[in-house]
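Given next are the chains, with one letter for each unit.
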Amino acid sequence: MSSHDDSYLSAGTGRPWWADAVVYQVYPRSFADSDGDGTGDLNGLRERLPYLASLGVDAIWLTPFYPSPLVDGGYDVSDYTDVDPRFGTLGGFDAIVATARKHGIRVIVDLVPNHCSSEHPLFKQALAAGPGSAEREMFIFREGRGPDGAKPPNNWPSNFGGSAWTRVSDGQWYLHLFDSGQPDWNWRNPKVAAMFEDIIRFWLDRGVAGLRVDVAHGIFKDPDLADAPTTVRSVVPSGYYHRPETRELYRTWRAILDSYPADVFPGPRTAVGEVWYDTYDTLRPYLAPDGLPQVFNFELVTAEWDAAGIRAAIDATLSLSGGSRAPWVIGNHDVVRPVTRWGSDAARAAALLLLALPGSAYIYQGEELGLPEVLDIPDAARQDPAFRRTKGKIRGRDGCRVPLPWESGGASFGFSRTDRGDSPAAPWLPQPAGWGEFSVETELEDLDSFLRMYQTALRLRREHPALGAGAMRWLNTAGGALVFARDPGFVFAANLAAAPLRLPPHQEVILASGPLRENGSLPRDTAVWLQV
Ligand code: GLC
């Protein structure tokens, strides 16, 4: 397996390291705060790398830490090649890459090509230069409709509510598929493409192993900017999503990734696209052999906890690409946490499913602790622009971004550390009173905790020859059963139905998400890994 040694290809298999990597998603603002200001930072992450090494992950993906007004948690970038002072410095970033490497952990950074921040110098220059200028051509400015141009140029909706257009003082409108603080780049302007090639090289030259590409289904817009058939937000192919030009662009990025030497650490570079899709036909073209190396499959994020639906989703993903090119994920910083979506027992079983499926898997910070979604964040503390733009109709994503609990008690449950002996500032999002119950400290002491289960699963995944990339075959597809085999000698079984499930013949239960019944059968919402 790829992890914790210095190999560049998964040992002896000829596959790139990313084909079976377990990648841990770090949301730096909420991971660990080293200077007591209530905001997580890169030093906090560096200090906690031993924790991630003991968890047993192969790589970390850092969501944006670039200079930003943080209108959308950093996905509003005002400088693509620096670190926001609240998060640290470029030197601090380099220290993460270097320290992670000592633990055999690779680093992936977030690339946000669809839009920047309205504080980006190029957007400010575009505003100042006025209509018709070359500066405005970096973005998508248009005249409005109606007699005095007071209506937006088309009916496209912002993902965060309201129109995707905002009017500026000289009367023109600019496009933003997200918040008004996130103007969309004009990808038909070759200067934009050239600038992003430089940005990609900047981070690859600093030693990163790959990129996570934000809104990878967006980027190009239909030049006609015609009205969409509906103003309801959706991910069907449209004037603003899944444009064929995007695939051309990814060919050029793939060539850049492949131009870095594959035979020295961190090995073949990857990029994983965030592509939200309606049907597999929409997703398929992104998996062209010369496209981005990887594209998330969000099947287990959108699935109900229902055996037939999950089986169908797994089959479809595997027939499209295999789980190496379309890694598995059950949560991220944009969706309700699995424990709250499915229940705690089901989330434990889902974790064992995630890590037993063929290919690569992503874990979002806090999943390994079984953190629930925080549902009762006071309105005044909410930060998600979707909450603000819809006047609370969309509650937003703050509930899965609450700072991690490291200790059972104390100020901010160990999230903020300070050497000064004084008490840290309150965390940027409030933590619930019982958060200490989910802390790393508490869970390490409890052999049955989520954390202990994840640690064991990741260790077994590295050791067991059947796990990681490869094939699987269903053994039992009846009712609530999810039972599949992987060779050599491994069977996964989960029971999603009320009636207990008899386990297939096996030598040993090597890991269970919860207690089995006395007769050895599998209760509802429980999964096991079997040696057969
Ligand atoms: C992606 C990010 C999300 C962000 C949006 C706009 O979906 O994951 O957090 O709000 O893009 O950048």
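Since the model is a prediction, treat every value here as computed from it, not as a measurement. (Residues numbered from 1 in each chain as written. Predicted model: local features only at pLDDT ≥ 70, side-chain atom pairs only at ≥ 80, totals over all residues. Heavy atoms only, no water.)

1. Focus: the overall build of the protein chain
Then comes step 1: Across its full length, the protein chain holds 14 helices and 16 strands.
Then comes step 2: In terms of overall dimensions, the protein chain is globule-like: its C-alpha atoms have a radius of gyration of 23 Å, near the 24 Å expected for 532 residues.
Then comes step 3: Expressed as a percentage of its 532 residues, the buried residues of the protein chain come to 60%.
Then comes step 4: The long-range share in the protein chain, meaning contacts at least 24 apart out of those at least 6 apart in sequence, stands at 68%. (Helix = DSSP H or I, 4+ residues; strand = E, 2+ residues; numbered from the N terminus. Rg over C-alpha atoms; globule rule 2.2 N^0.38 Å. Buried < 20%, exposed > 50% of the residue type's maximum accessible area, 1.4 Å probe, protein only. Contact = heavy atoms within 4.5 Å.)

2. Here's the deal with the packing of helix 11 (residues 344-356) against helix 14 (residues 450-463)
To describe two helices that pack against each other, one gives the angle between their axes and the distance between the axes.
Then comes step 1: With their axes 10 Å apart at the nearest point, helix 11 and helix 14 run at an angle of 15° to one another. Taken as axis vectors, helix 11 and helix 14 run roughly parallel relative to one another. The way helix 11 lies across helix 14 gives a crossing that is right-handed. For the pair formed by helix 11 and helix 14, the contact residues are S344, A347, R348, A351, L352, L354 and L355 on the first element and F450, M453, Y454, A457, L458 and R461 on the second. (Axes fitted to C-alpha atoms, helices over the stretch in contact; angles between N-to-C directions. Parallel < 35°, antiparallel > 145°, perpendicular 65-115°, else oblique. Left-handed = near helix turned anticlockwise from the far one by under 90°.)

3. Some words on the pairing of strand 7 (residues 210-213)
Then comes step 1: Side chains G210 and R212 project from strand 7 onto one buried face, and the interleaved L211 and V213 project onto a second face that is buried too.
Then comes step 2: Bridging between strand 3 (residues 106-111) and strand 7 involves four bridges; their strand directions are parallel. By the bridge assignment for strand 7, D110 is matched with R212.
Then comes step 3: Of the pairings in the sheet, the one linking strand 7 to strand 8 (residues 270-273) comprises four bridges and is parallel in character. Paired with L211 across the bridge in strand 8 is A271.
Then comes step 4: Handedness of the strand 7-helix 6 (residues 244-258)-strand 8 crossover: right-handed. (Pairing = 2+ DSSP bridges. Right-handed = clockwise from strand over helix to strand, strands pointing away.)

4. Observations concerning unusual backbone geometry
Then comes step 1: A cis amide bond, omega 10°, links F265 with the succeeding residue P266.
Then comes step 2: Within the element layout of this structure, P266 appears in the loop between helix 6 and strand 8.
Then comes step 3: P488 follows D487 through a cis peptide bond whose omega is 0°.
Then comes step 4: Relative to the helices and strands, P488 resides in the loop between strand 13 (481-486) and strand 14 (490-495).

5. A word on the pattern of salt bridges
Then comes step 1: By the definition in use, this model includes 25 salt bridges.
Then comes step 2: With a closest N to O distance of 3.1 Å, R417 and E47 form a salt bridge. With a gap of 370 residues between them, R417 in the loop between helix 12 (385-389) and helix 13 (440-444) and E47 in helix 1 (residues 42-47) connect regions that are remote in the sequence.
Then comes step 3: For R417, a relative accessible area of 33% translates into the label partly exposed.
Then comes step 4: The partner of D281 in a salt bridge is R284, and the shortest N-O contact between them spans 2.5 Å.
Then comes step 5: On the accessibility criterion, D281 (54% relative accessible area) is exposed.
Then comes step 6: Taking the relative accessible area as the measure of exposure, R284 reaches 44% and is therefore partly exposed.
Then comes step 7: Among the ionic contacts, a cluster of salt bridges with common partners joins D72, D334, D384, R397 and R401. (Salt bridge = Lys/Arg side-chain N within 4 Å of Asp/Glu carboxyl O.)

6. Digging into the sheet that holds strand 6 (residues 173-175)
Backbone hydrogen bonds are what pair the strands of a sheet, in a parallel or an antiparallel way.
Then comes step 1: On the basis of which strands lie adjacent, the open sheet formed by three strands has the order 4-6-5 and antiparallel pairing. A strand with exactly one partner marks an edge of an open sheet, and here the two such strands are strand 4 (141-142) and strand 5 (165-167).
Then comes step 2: As paired elements, strand 5 and strand 6 share three bridges and run antiparallel to each other. Following the sheet pairing, T166 is matched in strand 6 by Y174.

7. A look at the environment of P28
Then comes step 1: With respect to the secondary-structure elements, P28 resides in the loop between strand 1 (22-26) and helix 1.
Then comes step 2: Here P28 falls in the buried class, since its relative accessible area comes to 2%.
Then comes step 3: For the pair formed by P28 and F65, sequence separation is 37 residues and the distance between their alpha carbons is 7.0 Å.
Then comes step 4: In this view, P28 contacts G40, D41 and T63; residues no more than four positions away in its chain are not counted.

8. Notes on the layout of surface pockets
Then comes step 1: Counted as a void, the largest pocket has a volume near 780 Å³.
Then comes step 2: Residue lining of the largest pocket: 36 residues in total, with N159, F160, R233, D334 and R397 positioned closest to the centre.
Then comes step 3: Classifying every residue of the lining of the largest pocket by side-chain character gives 15 nonpolar, nine polar and 12 charged. (1 Å grid on protein atoms, 1.4 Å probe; cavity = no way out; pocket = protein on both sides within 12 Å on 5 of 7 lines; lining within 4 Å. Points joined across faces, edges and corners; volume = space filled by probe spheres on them. Nonpolar A, V, L, I, M, F, W, Y, C, P; charged D, E, K, R; others polar.)

9. Brief notes about the nonpolar core
Then comes step 1: Counting 146 residues, the largest nonpolar core has Y24, L52, I60, F93, F492 and W529 as the members making the most contacts within it.
Then comes step 2: In this structure, I140, F160, W173 and Y240 belong to the second largest nonpolar core, which totals 15 residues. (Core = buried A, V, L, I, M, F, W, Y, C linked by side-chain atoms within 4.5 Å.)

10. Here we look at the site of the ligand
Then comes step 1: As a matter of local geometry, the ligand sits amid 14 residues, with D72, D214, E274, H333 and D334 nearest to it.
Then comes step 2: One of the side-chain N or O atoms of H333 is found 2.9 Å from an oxygen atom in the ligand.
Then comes step 3: Within the side chain of R397, a nitrogen or oxygen atom sits 2.9 Å from an oxygen atom of the ligand.
Then comes step 4: When the ligand sits alone it has 310 Å² of accessible area, and the protein chains cover 96% of it.
Then comes step 5: A molecule is said to occupy a pocket when more than half its atoms come within 2 Å of that pocket's grid points, and by this definition the ligand occupies the largest pocket.
Then comes step 6: Looking at the shell around the ligand, its residues break down into four nonpolar, three polar and seven charged. (Near = heavy atom within 4 Å. Polar contact = N/O pair within 3.5 Å; in protein donor to acceptor, adjacent residues only side chain to side chain. Areas by Shrake-Rupley, 256 points an atom, 1.4 Å probe, with all protein chains shown as cover. Sits in = over half its atoms within 2 Å of the grid points.)

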